Structure formats: C-alpha cells, structure tokens
Amino acid sequence: MNILSIDGGGIRGIYSAYLLQRIQEEFKVDFADRFDLIAGTSTGSIVAAALAIGLKPHAIVALYEKHGEAIFPQSAWVPAAWRSARKLFGSSYSNTVLQQALVKQFGKKTLSQTHTNLILPATNIGEGVVHVQKSNYDSEFVRDPSVKIADAVLASCAAPSFFDPHKLGPYLLADGGLWANNPALVSIVDAKRRLGASIEDVRLLSIGTGSEEFSYSQKKSRFAWLWKHGLVWWGPKKLIDLLLSLQSQTSHNMAFLLLQERYLRINFSGKDLSLDDPKTIDDLKARADLNFTHQAPTIRKFIESLPARKERP
C-alpha cells in the first residue's frame, strides 16, 4: 500500500508542489498511478486533489505562481499592527479568488471521479468534530461521493483567521489543519481500516511545508494588561503557526515509529516562515530544489521500493 501525504502550510504549499514536480521530472513518477492513497490537508489538499485526478505537478506550481498574490494580497499601506488586529476579529482574506482558481482547476469533478484514493481532512466547526472528506473507495461512504472536489479543497483550506469557514451542504467547515495538518496518521489508519492494508505493507512518502523554528520568550511585555489577557504574549498568528507545527511534528514522529524504513519524510525548517506572503514563492521553490538535490539518492531508492499498484478505484 503506497501512500503520499502532504502537509498544510498556506503559500508554502508551493514547496511541496515544486518538490513533487522535481520527483516527477527526474524519476518519471505518475503519482495517481503509483500511489494507492493520497492525502492532503489545507494547502496540501490542493496538491493532493490535483495529483489524484491525474494533473502534473507543474500545473499545481503554476496555480500558486499565478494566483498567490491575489489570494494573499499584501497591502503596503496597511500597518502590520492593523493586519494583526484584523486576525483577532475576523478573516484576513476573502476566499473568492481561491474559490475561482479551484473551480477552474477542478471544474465540476466530484470526489467519486479521482484516479486514485483521496483523503482531504477538514473540521466541522458547527459540531466541533473532525470531518474527513474521502473519495469513493468504500461502499459504506454515502456523504462525500457527490461533493465537488473544488468545494472539498476550499473547506480544507479555510484556515481560521485567514479565511472564513466554508458552508458545504449542512456542514460549516474549516481547515483540517486544526487537527491533522500532517495527514500521515489519518492515511495510515484508513489504509488499514478501509483498504485492508497491513501496517507491514504500508509505504508512506510524507511531504512537509516547512517547520517553524520559534518559541515564546519568558520576558514579559511592558504592556501588562495586554500581557495578562494574552493579546501580546500569545499572538494569534504565532499561536496558529505553533499549533500547526506541533501537530505536524507529532504525526511525523508517530508515523516513523509505526513504519520505520518504509517511511520517508521530506521537509525543511527555518525562522519567520510565512503562511501568507507570496513574495516567498521563489525562495520556497529554491528550497524545494535544494532539498531534492541533496536527497535525490534517498528519494530514488524509496520510489523504486514502491510496489506496483494492484488496482484503481
């Protein structure tokens, strides 16, 4: 059972897309044909869904390059303090441009029309429960087969403070990164529970979007009241980054413990990694190319170890 798992991470999704483009170009990998299950959360859902319907990674890279600045518009005249305040009281961006880009990319295709099995985690904030969107690979699935892929991806991308929740049928959905920013464990469980794989047969390629290197200082702010009420000390954007990073790390650690040598994680770490700055696109592509170059022998060995798929959905 071959699994591809792709993390969430806003604009940093272009790192994953470009890395997969390099893998596809160098090793001639057809991801929809080679992987039995593809899982992606938030921005990773864009990449995962596109691969699952047979699109090449370069088309996904082009989506970020073409629409990134419009999805995350950066107004130079808006002070940083005001942008942070907006994130306290509402969403920073409209999801209109993102929705239009997704509709153009996926058209009217539904989750029953993928070339391989697909998982897109979201969060049902109306009920306070997880909401795992899946393609039609189990006869017991009755909720998602007719859901449009564009809607499922938009729901998975609805990151709190960045975009408004997405209403999908009776459900009010938000970013799957709230509980599964790294969907590796979700995919392992479903491979075993729904697709009949044994843990010993699972091979998983996990693609990250960067791990933020930060911590909270113990030095108190001069603004005692704001400190007391958490507005300065926590910082909404920093807190969201921390939660996403910790969830990804936990999933990575557990997946490695379960799979050992049958697991490969490709990621990078750094400071001040933005989720919403399109000016970082070129840097992220360069980082992806560097990681691919350095890890190419390991990646080649892992890809060559993947058994051929036995069947398609």
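Anyway, here's the lowdown on the structure attached to this text.

Cut-offs applied
Residues numbered from 1 in each chain as written. Predicted model: local features only at pLDDT ≥ 70, side-chain atom pairs only at ≥ 80, totals over all residues. Heavy atoms only, no water. Helix = DSSP H or I, 4+ residues; strand = E, 2+ residues; numbered from the N terminus. Buried < 20%, exposed > 50% of the residue type's maximum accessible area, 1.4 Å probe, protein only. Contact = heavy atoms within 4.5 Å. Areas by Shrake-Rupley, 256 points an atom, 1.4 Å probe, with all protein chains shown as cover. Salt bridge = Lys/Arg side-chain N within 4 Å of Asp/Glu carboxyl O. Phe/Tyr/Trp six-rings, centres within 6.5 Å; stacked < 30°, edge-to-face > 60°. Axes fitted to C-alpha atoms, helices over the stretch in contact; angles between N-to-C directions. Parallel < 35°, antiparallel > 145°, perpendicular 65-115°, else oblique. Left-handed = near helix turned anticlockwise from the far one by under 90°. Pairing = 2+ DSSP bridges.

## Details of the overall build of the protein
Logical step 1: Scanning the protein from N- to C-terminus turns up twelve helices and ten strands.
Logical step 2: Burial analysis of the protein (313 residues in total) assigns 54% to the buried set.
Logical step 3: Relative to all contacts within the protein whose residues are 6 or more apart in sequence, the contacts with residues 24 or more apart total 78%.
Logical step 4: Carbon and sulfur atoms make up 54% of the accessible area of the protein, which amounts to about 14,900 Å² in all.

## Some points on unusual backbone geometry
Logical step 1: Even without being glycine, Lys28 reaches a positive phi, approximately 55°.
Logical step 2: For Lys28, a relative accessible area of 66% puts it in the exposed group.
Logical step 3: A positive phi angle, close to 80°, is found at Ser161, a residue other than glycine.
Logical step 4: By the element assignment, Ser161 lies in the loop between helix 7 (149–156) and strand 5 (166–168).
Logical step 5: What makes Ser161 buried here is its relative accessible area of 14%.

## A look at the pattern of salt bridges
Logical step 1: Counted under the stated rule, the structure contains nine salt bridges.
Logical step 2: Of the charged contacts in the structure, one is a salt bridge between Glu65 and Lys285, with a shortest N-O distance of 2.5 Å. Of the two residues, Glu65 sits in helix 4 (residues 57–71) while Lys285 sits in helix 12 (residues 281–305), which places them 220 residues apart along the sequence.
Logical step 3: Ionic pairing is found between Lys134 and Asp190, a salt bridge with its closest N-O pair at 2.9 Å. Residue Lys134 is found in strand 4 (residues 129–134), and its partner Asp190 is found in helix 9 (residues 184–193); the two are separated by 56 residues along the sequence.
Logical step 4: Salt bridges sharing partners connect three or more residues here, namely Arg22, Glu25 and Asp289.

## Description of the packing of aromatic side chains
Logical step 1: Per the counting criterion, the structure on display carries nine aromatic pairs.
Logical step 2: Aromatic pair Phe72 and Tyr93: ring centres 5.2 Å apart, planes at 80°, arrangement edge-to-face. Of this pair, Phe72 sits in the loop between helix 4 and helix 5 (80–89) while Tyr93 is found in the loop between helix 5 and helix 6 (96–106), placing the two residues 21 residues apart along the sequence. Like Phe72, the residue Tyr93 is buried in the burial classification.
Logical step 3: An aromatic cluster is present here, built from Phe72, Tyr93, Phe162 and Phe163 joined pairwise through their rings.

## So, the packing of helix 1 (residues 13–27) against helix 4
In a packed pair of helices, the relevant descriptors are the angle between the two axes and the axis-to-axis distance.
Logical step 1: Remark: helix 1 packs on helix 4, axes separated minimally by 8 Å, with the N-to-C direction vectors making an angle of 155°. Here helix 4 runs roughly antiparallel to helix 1, going by the angle between their axes. At the point where helix 1 passes helix 4, the crossing takes the left-handed sense. Listed contacts from helix 4 to Gly13, Ile14, Ala17, Tyr18, Leu20, Gln21 and Gln24 of helix 1 are Pro57, His58, Ile60, Val61, Tyr64 and Glu65.

## Quick notes on the pairing of strand 6 (residues 171–175)
Consecutive side chains along a regular strand alternate between the two faces of the sheet.
Logical step 1: In the sheet, strand 3 (residues 117–124) pairs with strand 6 via three bridges, with the strands oriented antiparallel. In the strand pairing of strand 6, Asn124 is matched with Leu173.
Logical step 2: Bridge count between strand 5 and strand 6: three bridges; the pairing is antiparallel. When the sheet's bridge partners are listed, His166 is paired in strand 6 with Leu173.
Logical step 3: In sequence, strand 5 turns back onto strand 6 through a hairpin of two residues, with Gly169 there showing a positive phi of about 60°.

Structural measurements only, silent on function.
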